[in-house]
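# Notes for the structure review
One-letter residues, chain by chain:
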Amino acid sequence: MYPIMKKVLFRMDPEAAHEWTVRSLQILQRMPYLAKTIQQNWEVKHSSLSSQVVGLSFSNPVGLAAGFDKHANVYPALAHLGFGFVEVGTLTPRPQSGNDRPRLFRLPEDQAIINRMGFNNHGVEDAVHSFQTLPRPTIPIGINLGKNKNTPNEQASQDYTICLQTLYLYGDYFVINISSPNTQGLRDLQEAKALERLLTDILQTRDHCIQSHQVKKPIFLKIAPDLTEEQLIEVIEIVLHTKIDGMIATNTTLSREGLQNQVSSHETGGLSGRPLTSRSTQWISQIYRITQGKLPIIGVGGIFTAEDAYAKIRAGASLVQIYTGMIYQGPAVVKQINQGLVQLLERDGFASVEDAVGVDVSI
C-alpha cells in the first residue's frame, strides 16, 4: 500500500507531505479502535527484543528519532506503529517558526533528506498542554530539547534548563540537542569549555527536579557526525566527567561527499539517510570503545533495514532510531526491522538484543 501512497506524497512539497502525514496521525488518535488494530498488526512481540536501558523498559530497540513529532502532538498515534519508543521535539522555551521555506529536500537517488528546519515548534507550554491532554502511550517517550534561535550561546543553559524544568514530569528521558547544524552557532556548544558548563548547569537543574518530584529522569547528549576524532574524545571525557546518562550518535551531517543527486545536494542544512549509515556506525563504535561499553548509546543515522540496525547494535548501540528510512519505506519498516532483528539474533545465538550490544568492538 505504501508504494502507492509514496508516489502521491513524493509529488507533494516535502514539508506539505509531512504536514499531511501529521494531520492523518491526529485523525488516527481520535479513532482508538483503528489505532489498536494497527498496533496489533505492526508491533513485533518477542522476548529477544526487550531490554532495560538507563532504567527504562523497552519492548523492542527501534525508536523514532526527534524531528518528526516536532510539537509533541502525535506521539500517541506514532506509538501504535510498532516503535519501542518515540522521541518528540526538538522543543524550545518559546515558540519559533524556524527558517524560511523551502527548508526540506528529498534526494531519492541517495535515499537521503536535507533539512534546515531550524527547530520550528510551538514551544514548551504548548507541549505541556499536549502531555496533559493526550493519552499516555505504554512505551517510553523521550523529549529532545534545544535553545531558541535568538538566545546567545552564553545564555544557552537557561533555555535548556527552562525546558527541562517545564517538561520534567512528562518525559521518560531527555536529550540535549547541541548538534543540529540549522541553528547558527549551536554546534559551538560542543566545544569543551562551553559543553562542560552547559551540562553542569543542566545536571544541577535535574538535581532540583529530583528533589521536587522524587524521580530521576535520564539525560542523553546528541552529537554531530562532523566532529573530528579529537573533538569526539573531548566530548566523551566531559560526558563521563559530568555523568550524563548516555549519548545519541549521530545527528545530521554537513558533508555532501559521494552524493548522486545534483539538484538538491547544494542546499544548505543537515543531510540524513543512507549517506550517514557507515559514519554513524563508526562513531557508535568509537564511543563504545572509549567508554569501554559503560555508557548507553542510541544509534541513529541511515537505518533502512534490520541489517543496518543490527550493525549499530553490534557496534555498541543499545537502542536505535529511524526517520529518513521511514520516509522512503513507510511505517511498516518498523515491523520489518524488528522481525529481521529477531532472525539475526537467533542466527547468531543471542537470546537477547542486550547480548549483541558491542560484540564487534574490541575494548
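Residues numbered from 1 in each chain as written. Predicted model: local features only at pLDDT ≥ 70, side-chain atom pairs only at ≥ 80, totals over all residues. Heavy atoms only, no water.

## Examining the environment of Lys6
Applied cut-off: Here a strand is any run of E in DSSP of at least two residues, a helix any run of H or I of at least four, and the numbering for each starts at the N terminus.
In this structure, Lys6 sits in helix α1 (residues 2-9). Taking the C-alpha atoms as reference points, Lys6 and Phe58, 52 residues apart in sequence, are found 30 Å from one another.

## A few points about the pattern of salt bridges
Note the following rule: The salt bridge criterion pairs a side-chain nitrogen of Lys or Arg with a carboxyl oxygen of Asp or Glu, the two atoms within 4 Å. When a residue's accessible area, from a 1.4 Å probe over protein chains only, is under 20% of the maximum for its type it is buried; when over 50% it is exposed; and in between it is partly exposed.
Tallying each qualifying case throughout the model produces 12 salt bridges. When the shortest N-O distance is used, the salt bridge between Asp226 and Arg187 registers 2.7 Å. Of this pair, Asp226 sits in the loop between β9 (219-223) and α8 (229-242) while Arg187 sits in the loop between β8 (173-177) and α7 (192-213), and the two are 39 residues apart along the sequence. When its relative accessible area of 31% is taken as the criterion, Asp226 is described as partly exposed.

## As for the UniProt feature "binding site: substrate" (unreviewed entry) in the chain
Applicable threshold: UniProt positions are given in the numbering used here, feature names are shortened, and annotations may be inferred rather than shown by experiment. Should any heavy atoms of two residues lie within 4.5 Å, those residues are considered in contact. Each polar contact in these results corresponds to two N or O atoms within 3.5 Å; when the atoms are within protein, one needs to be able to donate a hydrogen and the other to accept it, and residues that are neighboring in sequence are counted only if both atoms are side-chain atoms.
The UniProt entry lists Lys70, Asn115, Arg116, Met117, Gly118, Phe119, Asn177, Asn182, Asn251 and Thr252 under the feature "binding site: substrate" (unreviewed entry), expressed in the numbering used here. Within the element layout of this structure, Asn177 appears in strand β8. Once you skip the residues sitting within four places of it in the chain, Asn177 turns out to touch Thr90, Phe119, Asn144, Leu145, Gly146, Tyr160, Leu186 and Asn251. A polar side-chain atom of Asn177 sits 3.1 Å from a polar atom in the side chain of Thr90. One can find Thr252 in the loop between β10 (246-249) and β11 (270-273). Thr252 has contacts with Asn115, Pro181, Arg187, Pro225, Asp226, Gly270, Leu271, Ser272 and Leu276, leaving out every residue within four places of it along the chain.

## Overview of the pairing of strand β13 (residues 319-322)
Quick note on the threshold: At least two DSSP bridges between two strands are needed for those strands to be called paired. Handedness of a crossover is defined as follows: with both strands directed away from the viewer, a clockwise route from the first strand across the helix to the second makes it right-handed.
Burial of the side chains of β13 extends over both faces: Leu319 and Gln321 are buried on one face and Val320 and Ile322 on the other. Of the pairings in the sheet, the one linking strand β12 (residues 297-300) to β13 comprises 3 bridges and is parallel in character. Bridge assignment links Ile298 to a residue of β13, and that residue is Leu319. In this view, the connection linking β12 to its parallel neighbour β13 by way of helix α10 (residues 306-315) has right-handed handedness.

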